[in-house]
Amino acid sequence: MKSINSQNLKLQGQDIELEYFSLKHISSAYIAWLNDPVVFKYSNQRFFTHDLLSCKKYLKSFKDTQNLFLIIKVKKTSVFIGTLTVYLDLDHGVADIGIMIGNRDEWGKGYGQDAWDSILFWLLNNQKVRKITAGTLSCNIAMRNIIERSGMKIEGVRNQQEMLNGEPQDVILFAILNKDN
């Protein structure tokens, strides 16, 4: 498979736009999202403290790879509200995706679903990825709803895989196969 030129990537959803994450997106607001315990309640990122240096290092980790690090913007206002990552293995035709809506004022407005559905559609139809995967803690109902509404199905469960507030939690693994492949 060909590699993806992510620096020129711009995708349109119904109410959102996705484009390449760059240095200009690392702001005090973005860093605050990464350190917000509510935003990262269910993520292993909750164990880290982020700063300008860690953000630059993470951005640099995408350089010269097939992987995508995208921003999510509200189409009407062009306000940056979150990020979406795609870890690609084009040799095998697979992608693993993750999402963060960091701006809590924008939660519950459907932007996460729009971004998720938009990247799934693009990967399945334009990049001919044969399989897309994602995972979340079983107790992360909002993320489970996004994944399940997109048509992804449970592929497996890692029982009591991670701890949250002293309680073991299952990690649910989801996947969708490209029907055209």
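Structure's up top.
Criteria and cut-off values
- Residues numbered from 1 in each chain as written.
- Predicted model: local features only at pLDDT ≥ 70, side-chain atom pairs only at ≥ 80, totals over all residues.
- Heavy atoms only, no water.
- Core = buried A, V, L, I, M, F, W, Y, C linked by side-chain atoms within 4.5 Å.
- Buried < 20%, exposed > 50% of the residue type's maximum accessible area, 1.4 Å probe, protein only.
- Helix = DSSP H or I, 4+ residues; strand = E, 2+ residues; numbered from the N terminus.
- Contact = heavy atoms within 4.5 Å.
- Arc of directions from axis to C-beta.
- Phe/Tyr/Trp six-rings, centres within 6.5 Å; stacked < 30°, edge-to-face > 60°.
- Axes fitted to C-alpha atoms, helices over the stretch in contact; angles between N-to-C directions.
- Parallel < 35°, antiparallel > 145°, perpendicular 65-115°, else oblique.
- Left-handed = near helix turned anticlockwise from the far one by under 90°.
- Nonpolar A, V, L, I, M, F, W, Y, C, P; charged D, E, K, R; others polar.
- Pairing = 2+ DSSP bridges.
- Salt bridge = Lys/Arg side-chain N within 4 Å of Asp/Glu carboxyl O.

(A) Up close: the nonpolar core. Among the nonpolar cores identified, the biggest contains 34 residues, and V86, I97, W116, I119, L123, I132 and M152 are the most heavily contacted of them. Of all the secondary structure elements, the ones that give two or more residues to this core are β2 (16-20), β3 (68-74), β4 (80-89), β5 (94-101), α3 (111-125), β6 (131-137), α4 (141-149) and β8 (167-177). Element by element, the count of residues in this core is highest for α3, at eight residues. Excluding residues within four positions of it along the chain, I132 makes contact with A95, I97, L120, L123, L124, M152, F174, A175 and I176. Judged by nonpolar contacts, the second largest core, of 16 residues, contains F21, Y30, I31 and I71.

(B) Spotlight on α4. Among the residues of α4, those classed as buried are M143, I146 and I147. Looking straight down α4, one finds that the buried residues subtend no more than 95° of arc, so they occupy a single side. Next to the buried residues of α4 lie β5, α3, β6 and β8. Just downstream of α4 lies G151, where phi reads positive at about 100°.

(C) How the structure looks around the side chain of T83. As for its placement among the helices and strands, T83 is situated in strand β4. The contacts of T83, once residues within four sequence positions are left out, are F21, Y30, F69, L70, I71, I72, G98, I99 and M100.

(D) Fine view of the packing of aromatic side chains. Throughout the structure, instances matching the rule amount to 10 aromatic pairs. Ring geometry for W33 against F80: centres 5.0 Å apart, planes inclined by 65°, an arrangement best described as edge-to-face. Taken together, the residues span a long stretch of sequence, with W33 in helix α1 (residues 28-34) and F80 in strand β4 at a distance of 47 residues. Residues W33 and F80 agree in their burial class; the two are buried.

(E) Representation of the packing of α3 against α4 in the model. At a minimum axis distance of 10 Å, the contact between α3 and α4 shows a crossing angle of 40°. Between α3 and α4, the crossing angle belongs to the class labelled oblique. For the pair α3 and α4, the sense of crossing is right-handed. Contact residues: α3 offers G112, Q113 and W116, while α4 offers M143, N145, I146, I147 and R149. Across the contact of α3 with α4, the residue classes tally to four nonpolar, three polar and one charged.

(F) Just the pairing of β2, in detail. Within β2, five of the five residues are buried, which leaves the element mostly enclosed by the surrounding structure. Pairing between strand β1 (residues 10-12) and β2: three bridges, direction antiparallel. Each residue of the ladder has a partner; that of L11, found in β2, is L18. In sequence, β1 turns back onto β2 through a hairpin of three residues.

(G) Representation of the environment of L52 within the structure. You can see L52 is positioned in helix α2 (residues 52-60). Look at L52 and you get partly exposed, because its relative accessible area is 43%. Sequence separation of L52 and L23 is 29 residues, and the distance between their C-alpha atoms is 10.0 Å. Not counting residues up to four positions away in its chain, the partners in contact with L52 are I26 and I31.

(H) A look at the pattern of salt bridges. According to the stated counting rule, one finds seven salt bridges in the structure shown. Put simply, E17 and K73 hold a salt bridge, and the shortest N to O gap is 3.6 Å. Pair noted here: E17 is in strand β2 and K73 is in strand β3, with a separation of 56 residues, a long-range link. For E17, a relative accessible area of 16% corresponds to the buried category. Owing to a relative accessible area of 13%, K73 belongs among the buried residues under this scheme. Of the charged contacts, one joins E148 and R144 as a salt bridge, the two residues approaching to 3.9 Å between their closest N and O atoms. With E148 and R144 both in helix α4 and four residues apart, the pair spans about one turn of that helix. A residue is classified by how much of its surface remains accessible, and E148, at 34% relative accessible area, is partly exposed. It is possible to trace a salt-bridge network through shared partners that takes in K10, E17, E19 and K73.

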